[in-house]
Amino acid sequence: MMLENSIVLITGASSGIGAACATLFARSGARLILVARRQDRLQELAGELQQAYGTPSYLLALDVRDGAAVQQALQSLPSPWANIDILVNNAGLSRGLDKLHTGALQDWEEMIDTNLKGLLYVTRAVLPGMVERGRGHVVNIGSIAGRQTYPGGAVYCASKAAVRAISEGLKLDLLGTPIRVTEIQPGLVETEFSQVRFRGDRARAAAVYQGLTPLTAMDVAEVVVFAATRPPHVNISEILLVPTDQASTTLVHRR
Ligand code: NDP
Ligand code: 8X3
């Protein structure tokens, strides 16, 4: 599969794994639709990619939790941008690490609304065009947390288990079409993820990765691009990638 001039929509492109995906797809000659709430970050990234690779980008400052806004924005894409070839559903977050019986309802809603409902809204808006055109690939960023639950992570893990179920369901529903579905399940990746989880507590966030070598956002983006560049008859359904220092969600090796 050649990526030259493909249109790739990436949610959560303002940071971490999404920004790394944008960079690698840009390097491969794709055109990008970059989605996130922080428009200034998207503008900065788009400028860098334009300068480095001549990549054209279309920016959507969008909260994926807002189903109506997602539908409206994706239905009214200008025609050069309307035929999306690859959708990377990456926007997501965790909030807190509380026991379920002391967890904050607002944190649960934010995780479920973003990681699960947001992914559904974007997919629902993009997929009919792919089916109609007989061409497309949906890449969902799940997590090792969708396979193994860890203490204090029940709701985040549930939201990622849902991403796994939705990815499986999509593959079933799209059988008979050429549309491919991939779920990438990373372990620990050092991004802004833990800073968001701990609401800006940098010391607590840094401690998550202390003494081990985590994955980088680029490590994950390379796997996304690998999946997207297989021949059309090959569907990479799921990939679990973890740091060598991580054996499970709860077992890591720290030096
Ligand atoms: P970052 O915090 O660095 O990036 C998260 C991205 O999601 C940001 O671009 C953010 O943009 C976007 N986002 C969050 N909420 C919304 C929203 N409501 N609407 C639109 N965009 C939103 O974290 P990562 O890069 O690590 O996370 C990316 C994905 O990878 C997530 O789904 C996460 O669950 C998953 N993951 C992360 C792992 C890790 O260890 N880091 C491991 C496994 C999976 P903005 O705030 O500008 O809207
Ligand atoms: C993010 C990885 O283990 O911090 O999905 O939940 S973990």
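In what follows, the structure referred to is the one given above.
Overview of the structure. All values reported here derive from a predicted model rather than from experimental measurement. (Residues numbered from 1 in each chain as written. Chains lettered and ligands numbered in written order. Predicted model: local features only at pLDDT ≥ 70, side-chain atom pairs only at ≥ 80, totals over all residues. Heavy atoms only, no water.)

## Remarks on the packing of helix α1 (residues 16–27) against helix α8 (residues 217–228)
A pair of packed helices is captured by two measures, namely the crossing angle of their axes and the spacing between those axes. Taken N-terminus to C-terminus, the directions of α1 and α8 make an angle of 50°; their axes are 8 Å apart at the nearest point. Compared by their axis directions, α1 and α8 come out oblique. Crossing geometry of α1 relative to α8 is assigned as right-handed. Of the residues in α8, those in contact with Gly 16, Ile 17, Ala 20, Cys 21, Thr 23, Leu 24 and Phe 25 of α1 are Ala 217, Met 218, Val 220, Ala 221, Glu 222, Val 224, Val 225 and Ala 228. (Axes fitted to C-alpha atoms, helices over the stretch in contact; angles between N-to-C directions. Helix = DSSP H or I, 4+ residues; strand = E, 2+ residues; numbered from the N terminus. Parallel < 35°, antiparallel > 145°, perpendicular 65-115°, else oblique. Left-handed = near helix turned anticlockwise from the far one by under 90°. Contact = heavy atoms within 4.5 Å.)

## Thoughts on the pairing of strand β7 (residues 238–241)
Looking along a regular strand, one sees the side chains alternate between the two faces of the sheet. In β7, alternate side chains face the same way, and those of Ile 239 and Leu 241 are buried while those of Glu 238 and Leu 240 on the opposite face are not. Taken together, the four bridges between strand β6 (residues 180–186) and β7 define a ladder with parallel strand orientation. Within the sheet, the bridge partner assigned to Ile 184 lies in β7 and is Ile 239. (Buried < 20%, exposed > 50% of the residue type's maximum accessible area, 1.4 Å probe, protein only. Pairing = 2+ DSSP bridges.)

## Considerations on helix α5 (residues 154–173)
Over its 20 residues, α5 runs 28 Å from end to end, which matches the ideal 28 Å to within 8%, given 1.5 Å per residue. For α5, the full list of buried residues reads Val 155, Tyr 156, Cys 157, Ser 159, Lys 160, Ala 162, Val 163, Ile 166, Ser 167 and Leu 170. The inward-facing, buried residues of α5 contact α4 (105–133), β5 (137–141), β6 and α6 (193–197). (Expected span 1.5 Å × (residues − 1).)

## Description of the pairing of strand β3 (residues 57–61)
Pairing analysis gives five bridges linking strand β2 (residues 31–36) to β3, with the strands arranged parallel. Counterpart to Leu 34 in the pairing with β3 is Leu 59. In this view, the connection linking β2 to its parallel neighbour β3 by way of helix α2 (residues 39–53) has right-handed handedness. (Right-handed = clockwise from strand over helix to strand, strands pointing away.)

## Some points on the pattern of salt bridges
In the structure shown here, the tally under the stated rule is ten salt bridges. The residue Asp 107 makes a salt bridge to Arg 199 at a minimum N-O spacing of 2.6 Å. Highlighted residues: Asp 107 in helix α4 and Arg 199 in the loop between α6 and α7 (202–209), separated in sequence by 92 residues. For Glu 238, the salt bridge identified is with Arg 164, shortest N-O distance 3.5 Å. In this pair, Glu 238 is assigned in strand β7 and Arg 164 in helix α5, connecting sequence segments 74 residues apart. Judged by its relative accessible area of 24%, Arg 164 is partly exposed. (Salt bridge = Lys/Arg side-chain N within 4 Å of Asp/Glu carboxyl O.)

## Points about the nonpolar core
Membership of the largest hydrophobic core comes to 38 residues, with the highest contact counts inside it found for Ile 10, Phe 25, Leu 32, Leu 34, Val 88 and Ile 184. Of all the secondary structure elements, the ones that give two or more residues to this core are β1 (7–11), α1, β2, α2, β4 (86–89), β5, α8 and β7. Counting 26 residues, the second-largest nonpolar core is a separate cluster that includes Leu 62, Val 126, Leu 170 and Val 181. (Core = buried A, V, L, I, M, F, W, Y, C linked by side-chain atoms within 4.5 Å.)

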